[in-house]
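Listed below are the residues making up each chain.
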There are 2 protein chains.
Amino acid sequence: MEELTERQKLLLSLIVHEHTLTAKPVGSTMLVRQYSLPISSATIRNEMTAMEEMGYLRQPHTSAGRVPTEKGYRFFVSNLLQQPALPTATRNTITHQFYQARQQLDEWFRLAAAVLAKQAQAASIVTAPHSKKVAFKHLELISTRASQVLMVLVLVGGEIRQQIFSLDEIVTQQRLSNLAAELNTLCQNCTLAQLEKLDLSLDDVGNTVMAVIKDQMQLSERLVTGEIYLDGLTNVLAEPEFADTEQALSALSLFEERNKLDDLLSRSFLGNEVGDVQVLIGGEGTWEELRQCSLILSHYGIQDQLTGTLGILGPMRMPYGNAISTVRFVANLLSDLVAENLME
Amino acid sequence: MEELTERQKLLLSLIVHEHTLTAKPVGSTMLVRQYSLPISSATIRNEMTAMEEMGYLRQPHTSAGRVPTEKGYRFFVSNLLQQPALPTATRNTITHQFYQARQQLDEWFRLAAAVLAKQAQAASIVTAPHSKKVAFKHLELISTRASQVLMVLVLVGGEIRQQIFSLDEIVTQQRLSNLAAELNTLCQNCTLAQLEKLDLSLDDVGNTVMAVIKDQMQLSERLVTGEIYLDGLTNVLAEPEFADTEQALSALSLFEERNKLDDLLSRSFLGNEVGDVQVLIGGEGTWEELRQCSLILSHYGIQDQLTGTLGILGPMRMPYGNAISTVRFVANLLSDLVAENLME
DNA sequence: ATTAGCACTCTCTTCTTGAGAGTGCTAATT
DNA sequence: AATTAGCACTCTCAAGAAGAGAGTGCTAAT
């Protein structure tokens, strides 16, 4: 395939830039005037025709200006985009907010989603970090009433799971506490597989509790992501390309259906390391719902141990520079927080 | 104010019914044909004029059919609506789903939101139950690394709060466990005020931990609601009255801004008991954003002890019968679950 | 290789027009 | 006194027409 000339690259950049501002097709005359180019509109038209044939541009209809195609955007993002670091002031503001969130786990993720949404003026998604290898960390048994017990199970990585269940007999809090203490020692850092092998020789109550623990760990193992935090969904509605509700609906429905979202995120995991920022443009042929959208994703956390995903969803016509910088910055921030606070 | 005649009441019901189906203004001829009424369209026109003067109906423009006003809807809901019990099959399906959710607290609320959204084809909201009187139930201290500690605090009512903090010295898990055990005994069922009075004579570590506990309890006391679960936001987008994105945006933005939502829910608390179903029509003059919407809310849980809110948001033109029945049913279901599982 | 010039195309907005649905009023009917 | 038939009038909505504006593609000249 042919290469783009330097001039064509410049033009592509300008077209992308102009189109992100106006949301309208970009014409040759317009371009010359707007950027005081030293070439004529006719030349630009020639170049545009060439770039259209190569698949970087598209005409919505004959005799309209050009709009970047997915391929055009992808080339732009990969080769032409200079990624400005986020302004220091912005970075400080964000860091400060996290500082203020005290050390509450769930607040971090909520805040991360809020920051992404605000900063990129798009919908944002953050998943709490989740470990592929689920391991027992700490157990708590609390008697609520009669034979009912509230179990709080903390997994390695800080994930908390709770369940209420009934025992066959009425048990004192004291006995529950003793049992919990015993299990905490025995099961420390065990994975589910290791727990299965352990011969604990417990009484009935102990066995019931162990069954519940294993059950919860199994549930956790099946999960692809931790808890999901969304924000800024309404930002998407404000974009002109979603003035037609249909479009908006199809994009947002992806965020509402947990299994679709899981699928999307888990596929985006493949072959990507913590810290890489991925840009999915126009659904990349796989997600019909995202045909009009772009998704900027990054994993954060500790590679292969405890990772989560975060990203933003916006129209394909998106200020990629800012979006990517923001995602990268927040991802690094969360990675640091995870490393400092959730790892042994 | 004048009373509506029986015939006018019938007409109002029919107009509401027809309008919920078509979303269009209802004309007199239409009404006669559709329902084979034994009176002429002229008579209906006369009645309509009368009801318009009384404020129950409204003409979008001269020479269009009539649409119910907020007052019309309110009268309809209060006086004319017969509330069908939910079909047994539906009730069973829902109950069964809750049964399958195992005993995971958070799943209940997520599920409740999903059921409401699905059943009413509207946006739904569920808040986890929250106690006005925050009281200590159980504490857990887990050493993560060096001097860092993960605290898991369970409040009476099942609310779980977590925080990570650092101690001034490095402490063994053993010592943390002992401290936790001690505090669990000392602080059992104490409110924040009671904790303040307690003279515990603890060491440095103990005092640090107590400060964090109090801090968390204070945070919890300030909250109006527990965690918030939303679902079905995209259902709202599908309604014809929100074909214009502007409208949809203003309605949904209410759900995205936590403080607005808190405000809305806390006001709806006033003078309402668990089990009552409230119907807020058209924002009731207070919420500009909801001018086009209706909100069906109910509290659930144990009055004055542990309550949450749930409800649905839809267009003012809403199938109120079904919506109210669904909200009532789910509220009762959750109330039962709370009573059985979260109360002492 | 670039550009000026020009005919042509397509959208968008504004106007017009006619059909359709509905109203309000008056006079006749029950 | 309540109801109804009849009719003129109003307003929206959809479809078509016309003109402005922006943009293109092509040809011929530079």
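What you see is a predicted model, and the numbers here were worked out from it, not measured in a lab.

Trainee: Looking at this structure, I do not really get the protein's contact with DNA strand D. What am I missing?
Mentor: In the vicinity of DNA strand D lie 21 residues, with A:S28, B:R7, B:T43, B:T62 and B:S63 positioned nearest. The sugar-phosphate portion of DNA strand D accounts for 78% of its atoms within 4 Å of the protein, the bases making up the rest. Between B:R7 and DNA strand D, the recorded distance is 3.0 Å, taken from a side-chain N or O atom to a phosphate oxygen. Between DNA strand D and B:T43, the relevant distance is 2.3 Å, taken from a phosphate oxygen to a side-chain nitrogen or oxygen of the residue. At the level of secondary structure, the elements contributing two or more residues to the surface near DNA strand D comprise α2 (28-35) and α3 (41-54) of chain A together with α3 (41-54) of chain B. For the surface near DNA strand D, the element with the most residues is α3(B), which contributes four residues. Across the surface near DNA strand D, the residue classes break down as five nonpolar, 12 polar and four charged.

Trainee: For this particular structure, what's the right way to read the domain arrangement of chain A?
Mentor: Interface extent is often summarised as the accessible area lost during association of the parts. Residues and elements named next belong to chain A. For chain A, the assigned domains read domain 1 (6-80), domain 2 (88-130 + 225-341) and domain 3 (136-222). Counting from both sides, the interface comprises seven residues of domain 1 and, opposite them, 11 residues of domain 2. Across the domain 1 to domain 2 interface the summed buried area is about 830 Å²; carbon plus sulfur atoms make up 73%. Considering only the side of domain 1, the residues that lose the most area to domain 2 are E70, Y73 and V77, jointly responsible for 53% of the buried surface there. Here domain 1 is connected to domain 2 by one salt bridge. Between R74 and E284 there is a salt bridge whose closest N-O contact spans 3.4 Å. Taken together, the links from domain 1 to domain 2 amount to two residue pairs in polar contact (both at pLDDT 80 or more).

Trainee: Just checking my understanding: could you explain the relation of the copies chain B and chain A for this structure?
Mentor: Put simply, the second copy of the chain is the first one after a rotation about an axis and a shift along it. Superposing chain B onto chain A takes a rotation of 180° combined with a translation of 0.0 Å along the rotation axis, leaving an RMSD of 0.0 Å. What the superposition gives is, in effect, a two-fold axis relating one chain to the other. Of every C-alpha in chain B, the one belonging to B:T245 sits nearest the axis of rotation, 3.1 Å from it.

Trainee: Which parts of the structure should I look at to understand the sheet that holds strand β5 (residues 148-155) of chain A?
Mentor: In a beta sheet, neighbouring strands pair by backbone hydrogen bonds and run either parallel or antiparallel. Residues and elements named next belong to chain A. One open sheet holds the three strands; their spatial order is β4-β5-β6, and the pairing between them is antiparallel. The sheet is open, and its two edges are formed by β4 (136-145) and β6 (160-166), each paired on a single side. For this sheet, the mean inter-axis angle between neighbouring strands, taken without regard to orientation, is 20°. Bridge count for β4 against β5 is eight bridges, and the pairing is antiparallel. Pairing of E140 across the sheet is with V152, part of β5. Along the sheet, helix α7 (residues 173-187) contacts β4 and β5; its crossing angle with β4, the most-contacted strand, is approximately 170°. Of the strands in this sheet, β4, β5 and β6 are in contact with helix α9 (residues 204-222), which crosses β6 at around 140°.

Trainee: Where do I start with the interface of chain B and chain A in this structure?
Mentor: Listed as interface residues are 47 residues of chain B and, on the opposing side, 48 residues of chain A. Regarding the contact of chain B and chain A, the summed buried area is about 4,200 Å², with carbon and sulfur atoms giving 54% of it. Of all residues in chain B, B:Q162, B:I164 and B:E256 bury the most surface against chain A, accounting for 15% of the area lost on that side. Where chain B touches chain A, the interface holds zero salt bridges. Joining chain B to chain A, the criterion identifies 22 residue pairs in polar contact (both at pLDDT 80 or more).

Trainee: Mind showing me how you'd approach the pattern of salt bridges here?
Mentor: Side-chain pairs of opposite charge can arise where the charged atoms are in close proximity. Residues and elements named next belong to chain A. Taken as a whole, this structure holds 36 salt bridges over all chains when the rule is applied. Linking E159 and R161 is a salt bridge whose minimum nitrogen-to-oxygen distance equals 3.6 Å. When salt bridges that share partners are traced, they join E70, R74 and E284 into one network.

Rules and cut-offs
- Each chain carries its own residue numbering, running from 1 in the written order of its sequence.
- For naming, the first written chain is A and the first written ligand is 1, with later ones following in the order written.
- With pLDDT at 70 or above as the cut-off, local features in this predicted model cover only qualifying residues; side-chain atom pairs require 80 or more to be listed or tallied, and sums for whole chains, interfaces and linings still use all residues.
- To get the side-chain values, take all heavy atoms of the structure and skip hydrogens and water.
- A molecule or strand has a residue near it when one of that residue's heavy atoms lies within 4 Å.
- Whenever a nitrogen or oxygen atom comes within 3.5 Å of another N or O atom, the pair is scored as a polar contact, on the condition that within protein one atom can donate a hydrogen and the other can accept it, and that pairs from neighbouring residues in sequence are kept only if both atoms are in side chains.
- Working definition: helices are DSSP H or I runs of at least four residues, strands are E runs of at least two. Numbering for both runs from the N terminus.
- Any residue outside Ala, Val, Leu, Ile, Met, Phe, Trp, Tyr, Cys, Pro, Asp, Glu, Lys and Arg is labelled polar, Gly included; the first ten of those are nonpolar and the last four are charged.
- Start and end positions for the domains come from either an automated domain assignment or a database one.
- Contacts: residue pairs with any heavy atoms within 4.5 Å of one another.
- The term buried area denotes the loss of accessible surface (1.4 Å probe radius) that occurs when two parts are joined, taken as the sum for both partners.
- Salt bridges are identified by distance alone: a Lys or Arg side-chain nitrogen within 4 Å of an Asp or Glu carboxyl oxygen.
- Overlaid copies result from least-squares superposition on C-alpha atoms, with residues included only where pLDDT is at least 70 in both.
- Two strands make a pair as long as DSSP finds a minimum of two bridges between them.
- A fitted line through C-alpha atoms represents every axis, and for helices the fit uses only the stretch in contact; the resulting angles, taken between N-to-C directions, go from 0 to 180 degrees.

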